[in-house]
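Tertiary structure, described
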Amino acid sequence: QVQLVESGGGLVQAGDSLRLSCVASGDTFSRDHMGWIRQPPGKEREFVAAITWISSTLYADSVKGRFTISRDNAKNTVFLQMSSLKPEDTAVYYCARWTSGRVDRPSSYGYWGQGTQVTVSS
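Computed from a prediction, not measured in an experiment: that's the story for all the values here. (Residues numbered from 1 in each chain as written. Predicted model: local features only at pLDDT ≥ 70, side-chain atom pairs only at ≥ 80, totals over all residues. Heavy atoms only, no water.)

Per the stated rule, a full pass over the model turns up one disulfide. Between the sulfur atoms of Cys 22 and its disulfide mate Cys 95 the distance is 2.1 Å. Because the sign of the S-S torsion sets the handedness, a value of about -75° for the bond joining Cys 22 and Cys 95 places this disulfide among the left-handed ones. Linking Cys 22 in strand β3 (residues 18–24) with Cys 95 in strand β9 (residues 91–98), this pair joins segments that are 73 residues apart in sequence. Exposure remark for Cys 22: the relative accessible area of 0% places this residue in the buried category. Accessibility expressed as a relative area gives 0% for Cys 95, which makes it buried. (Disulfide = S-S within 2.5 Å. Helix = DSSP H or I, 4+ residues; strand = E, 2+ residues; numbered from the N terminus. Buried < 20%, exposed > 50% of the residue type's maximum accessible area, 1.4 Å probe, protein only.)

Okay, structure coming up:
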């Protein structure tokens, strides 16, 4: 059973930076595709970023150039560095492990963390 635990969320001002971390249990992490998905208040979950097991990356257009996803396989950890944050980035951010399908679709992820709240004030 895979467990994912996110941390690093909080309340920040527009223009600030924040780094989210996600620690995964299990011994397959280095071979897993991982993603960050977010759910803005009152909206559906939306893809943010993904990193494959060979560290190829993909970003939603809305965060491209501002967010960076990375991983540390030695620590079973995936990161999301967020810069130039905007109020519209306010959401619960979930770390997720890909299961099947396109990596830019939330439905392709079968294992989820509990989420961490990011709030960006204007």
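For the structure shown, the criterion picks out six salt bridges. Between Asp 89 and Arg 66 there is a salt bridge, and its shortest N-O distance comes to 2.8 Å. Note that Asp 89 is positioned in the loop between β8 (77–82) and β9 and Arg 66 in the loop between β6 (57–59) and β7 (67–72), a separation of 23 residues in sequence. Look at Arg 66 and you get buried, because its relative accessible area is 11%. A salt bridge links Asp 104 to Arg 102; the shortest N-O distance between them is 2.8 Å. One salt-bridge network, in which partners are shared between bridges, spans Arg 38, Glu 46, Arg 66 and Asp 89. (Salt bridge = Lys/Arg side-chain N within 4 Å of Asp/Glu carboxyl O.)

This part takes up the environment of Tyr 59. Note that Tyr 59 resides in strand β6. Take Tyr 59: its relative accessible area is 17%, and that puts it in the buried class. Taking the C-alpha atoms as reference points, Tyr 59 and Val 48, separated by eleven residues in sequence, lie 5.9 Å from one another. One polar contact links the side chain of Tyr 59 to the main-chain amide nitrogen of Ile 69, over a distance of 2.9 Å. (Polar contact = N/O pair within 3.5 Å; in protein donor to acceptor, adjacent residues only side chain to side chain.)

On to the sheet that holds β3, then. Strand order in the open sheet formed by four strands is β1-β3-β8-β7, and the pairing between neighbours is antiparallel. Both outer strands of the open sheet, β1 (4–7) and β7, are each paired with one neighbouring strand and no more. When strand polarity is set aside, the average angle formed by the axes of neighbouring strands in this sheet is 15°. Strand direction decides the pairing type here: β1 and β3, joined by four bridges, are antiparallel. Each residue of the ladder has a partner; that of Ser 7, found in β3, is Ser 21. (Pairing = 2+ DSSP bridges. Axes fitted to C-alpha atoms, helices over the stretch in contact; angles between N-to-C directions.)

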